[in-house]
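Here's the letter readout for the chains.
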Amino acid sequence: MCSGLCHAVGLWLALDSYVRDDGEPSAWSSISWGSLRRGDFETPKYWAGSSSNGRCVATVLGQNHNPESGFTLVGFSTFPRQLLPAFFLLFLLMYLVMLLGNLLIVVTIWSERSLHTAMYLFLCALSTSEVLYTFIIIPRMLADLFSRHSIAFLACASQMFFSFTFGFTHSFLLTVMGYDRYVTICHLLHYHVLMSPRGCACLVAWSWAGGSVMGLVVTTSVFHLSFCGSHEVHHFFCHMTPLLKLACGDGVPVVAMSMGLLCIMTLLGCFVFILLSYAFIVTTIFRQKAFSTCASHLTVVVVHYDFASVIYLKPKGPQSLEGETLMATTYTVLTPFLSPIIFSLRNQELKIAMKKTFLSKPFPAHS
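Just so you know, these numbers come straight off a predicted model, no measurement behind them.

### Some thoughts on the state of the cysteines
- Overall, the coordinates contain 1 disulfide when judged by the stated rule.
- Here Cys156 is linked by a disulfide to Cys238, with a sulfur-sulfur distance of 2.0 Å. Disulfide Cys156 to Cys238: torsion about the S-S bond roughly -130°, handedness left-handed. Highlighted residues: Cys156 in helix H6 (residues 153-186) and Cys238 in the loop between strand S4 (232-233) and helix H9 (240-246), separated in sequence by 82 residues.
- Under the relative-accessibility criterion, Cys156 is labelled buried at 0%.
- Summary of cysteine pairing: Cys200 is not part of a disulfide, and the nearest cysteine sulfur, belonging to Cys202, is at 9.2 Å.
- Residue classification places Cys200 among the buried positions, given a relative accessible area of 2%.

In structure tokens form, the structure reads like this:
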């Protein structure tokens, strides 16, 4: 859920690049891509002496960004080179642990019939979405860690689409898991009716469909804009905020505002639903054995939202590129790394099933 929330709140921060200090839209947002190609625009008066002079002058000189040329991911290239090997080893180790942990969870659930329940079906889907989300971002980040690398226009759009799709799917699945815990504790007698196998499959399918719709809407809205000026994306993957800073035209503030509102309202709705589920659980009945099954899910939700608040819900101020890059790794690397560990360590039933699946003898002993 953190991944989706971070994308969404980042949209609002991007608006700072398009609004002047006095509240008026910047000159950059008033120039269309067509007028730049024709050269029939008038230079605004308050361009002189502005901090965006270099970018504007580059555009006037004809250095417009051609979508076919793609983008350049700045990534970690601004860091001291002696730190990059340590970053590479750290991120690689965390990625491999995350990948191994989620794969163990998926294989264990599918191989143990005792875990073929709604809760573990949702956990299996959650682990799958997490593996896919990190697979879209981390391998390329590791490959491009030591230098700047270009990424094709369509490849950048695809990366944004899949990151939003899997990120929002993760959020929807966490919400569904909260509903499952609510039904388990508050409506135990009706559990098999409310959470039938067909109903659970529909909830998982709707979560994936909802994530796909969100990814399609956001990606289409951003890449429908015109990109001009610098082609450098100040991030290690095609993130919303740095791409909006490269866009130009009257529609940029509108797209940033509308997409930010859509994403934030969707994710806040998921979070409120989870909070309400646990409020009903606590007020209805507090049984230690039953409530312990919620601990891992609640811990993951808290971790995701804590990192999101630390990254984006902070006072405005000057931020170095290196600092923003390191903070971005918390929701792309650190939270996916922690998730399978939390689910594995805090779920006794899952730990027993893992030992039975992977530590038992492959062949029965013969007398």
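Following the structure, the description resumes.
### A closer look at the confidence of the model for the protein
- With 69% of its residues at a pLDDT of 70 or more, the protein has an overall mean of 74.
- Taking the mean pLDDT of every element in the protein, the minimum, 38, falls on helix H3 (residues 53-60) and the maximum, 93, on helix H8 (residues 197-223).
- Here residues 11-65 is a poorly scored stretch, pLDDT under 50, and it has 92 contacts once near neighbours within four places are set aside; other chains count.
- Scored below 50 in pLDDT, residues 363-367 makes 0 contacts in the model with residues more than four places away or belonging to other chains.

### Here's the deal with the nonpolar core
- In terms of nonpolar packing, the biggest core is built from 35 residues, with Ile109, Phe122, Leu123 and Leu350 touching the most fellow members.
- Elements with a minimum of two residues in this core: helix H4 (84-111), helix H5 (118-143), H6, H8, helix H10 (252-284), helix H11 (288-312), helix H12 (321-345) and helix H13 (348-358).
- Once residues lying within four places of it in the same chain are set aside, the contact partners of Phe122 are Val176, Met177, Asp180, Met195, Cys200, Leu203 and Val204.

### Quick notes on the pattern of salt bridges
- Applying the stated rule across the entire model yields 2 salt bridges.
- Asp144 is the salt-bridge partner of Arg140, the closest N and O atoms lying 3.1 Å from each other.
- Residue classification places Arg140 among the partly exposed positions, given a relative accessible area of 28%.
- Asp144 gets classed as buried once you look at its relative accessible area, which sits at 12%.

### Focus: the sheet that holds strand S2 (residues 149-151)
- What the 3 strands build is an open sheet, ordered S2-S1-S4; its pairing is mixed. Among the strands making up the open sheet, the edge pair consists of S2 and S4.
- Examined bridge by bridge, strand S1 (residues 71-73) and S2 share 3 bridges and lie antiparallel to one another. Considered in S2, the bridge of Thr72 is made with Ser150.

### Let's talk about the packing of aromatic side chains
- By the definition in use, this model includes 20 aromatic pairs.
- With 5.3 Å between their ring centres and 40° between their planes, Phe76 and Phe79 make a pair best called tilted.
- On the basis of relative accessible area, Phe76 is assigned to the buried category, the value being 1%.
- With centroids separated by 6.5 Å and ring planes inclined at 45°, the aromatic side chains of Tyr179 and Phe273 adopt a geometry described as tilted. Of this pair, Tyr179 sits in helix H6 while Phe273 sits in helix H10, and the two are 94 residues apart along the sequence.
- In this structure an aromatic cluster arises from ring pairing among Phe76, Phe79, Phe87, Phe91, Phe236 and Phe237.

Definitions and cut-offs
Residues numbered from 1 in each chain as written. Predicted model: local features only at pLDDT ≥ 70, side-chain atom pairs only at ≥ 80, totals over all residues. Heavy atoms only, no water. Disulfide = S-S within 2.5 Å. Helix = DSSP H or I, 4+ residues; strand = E, 2+ residues; numbered from the N terminus. Buried < 20%, exposed > 50% of the residue type's maximum accessible area, 1.4 Å probe, protein only. pLDDT = per-residue confidence, 0-100. Contact = heavy atoms within 4.5 Å. Core = buried A, V, L, I, M, F, W, Y, C linked by side-chain atoms within 4.5 Å. Salt bridge = Lys/Arg side-chain N within 4 Å of Asp/Glu carboxyl O. Pairing = 2+ DSSP bridges. Phe/Tyr/Trp six-rings, centres within 6.5 Å; stacked < 30°, edge-to-face > 60°.

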